[in-house]
Amino acid sequence: DQPELALRFYRRLLQLGVRNCEVWNNLALCCFYASQYDLCLAAFEHALQLASDADMGDVWYNIGQVAIGIGDLGLAYQALKVAISIDSNHVESYANLGVLELRKGNVESARANFNTVQSMAPYMFEPFFNGALLAFKLGDFQEAHDLATKALEAYPEHHDTHELLRQLRQQFSHL
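From a predicted model like this one, the values you see are computed outputs, not experimental measurements. (Residues numbered from 1 in each chain as written. Predicted model: local features only at pLDDT ≥ 70, side-chain atom pairs only at ≥ 80, totals over all residues. Heavy atoms only, no water.)

Participant: For this particular structure, what's the right way to read the nonpolar core?
Facilitator: Soluble, globular proteins show a tendency: their nonpolar side chains are buried together. Formed by 23 residues in total, the largest nonpolar core has its most connected members in L7, W24, L27, C40, F44, V59 and V66. Ranked by residues supplied to this core, first place goes to helix 2 (residues 21–33) with nine residues. For V66, the residues in contact, after removing those within four places along its chain, are L29, F32, C40 and F44. (Core = buried A, V, L, I, M, F, W, Y, C linked by side-chain atoms within 4.5 Å. Buried < 20%, exposed > 50% of the residue type's maximum accessible area, 1.4 Å probe, protein only. Helix = DSSP H or I, 4+ residues; strand = E, 2+ residues; numbered from the N terminus. Contact = heavy atoms within 4.5 Å.)

Participant: How should I be thinking about empty space enclosed by the protein in this particular structure?
Facilitator: It is a probe the size of a water molecule, rolled over the atoms, that shows where empty space is left. For the structure on display, the rule yields one cavity of 30 Å³ or more. Empty space within the largest cavity amounts to approximately 40 Å³. Contributing to the lining of the largest cavity are R111, F114, N115, Q118, G131, L134, A135, E143 and L147. Among the secondary structure elements, those contributing two or more residues to the lining of the largest cavity are helix 7 (107–120), helix 8 (126–137) and helix 9 (141–154). (1 Å grid on protein atoms, 1.4 Å probe; cavity = no way out; pocket = protein on both sides within 12 Å on 5 of 7 lines; lining within 4 Å. Points joined across faces, edges and corners; volume = space filled by probe spheres on them.)

Participant: Got a minute to help me understand unusual backbone geometry in this structure?
Facilitator: Both trends apply: most residues other than glycine have a negative phi, and most peptide bonds are in trans. Although it is not a glycine, S35 adopts a positive phi angle of roughly 65°. For S35, the location among the structural elements is in the loop between helix 2 and helix 3 (37–50). Note on S35: relative accessible area 48%, which makes it partly exposed.

Participant: Can you walk me through the pattern of salt bridges in this structure?
Facilitator: Side chains that differ in charge, positive against negative, can pair when their charged atoms come close. Under the defined criterion, the tally for this structure stands at two salt bridges. Two residues, E143 and R111, come together in a salt bridge whose shortest N-O distance is 3.6 Å. Of this pair, E143 sits in helix 9 while R111 sits in helix 7, and the two are 32 residues apart along the sequence. Overall, E143 belongs to the partly exposed group, its relative accessible area being 23%. (Salt bridge = Lys/Arg side-chain N within 4 Å of Asp/Glu carboxyl O.)

Below, the structure written as structure tokens:
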């Protein structure tokens, strides 16, 4: 909530000699959220240079997040694809890639990405909600209901899922 304050702490860590992928990655995100875009890219470069194979997927995922934030969906798509190519179990990348595929009009690719996340990370509500919303828009109300119910199991307070279920109950009452 306070990226400027976090920036001070990360810079202090760098002054103390703590130089690792995680510090640079988090520093890049703080720079982005503090609107210091020029420093953001340099910090991501350092993070990529220091990243191990285990961390590389997370760095590319965060680059994708920043790209979405600045509206460069092409870069975001590429960064998420790279994250998945490095770590085939990076569920957050699959989830966001599904949303980007849907924005591009690739319904089946989006559904495949949502299904991948649903099977790999049943604790995440977003892929279930996004899948439910997609099914609803495609007119598959039973699948939408099933997925929305699973989304609520993961996150019972999610307002939009409750609203979707309300709309589905209306649809079912008209049938």
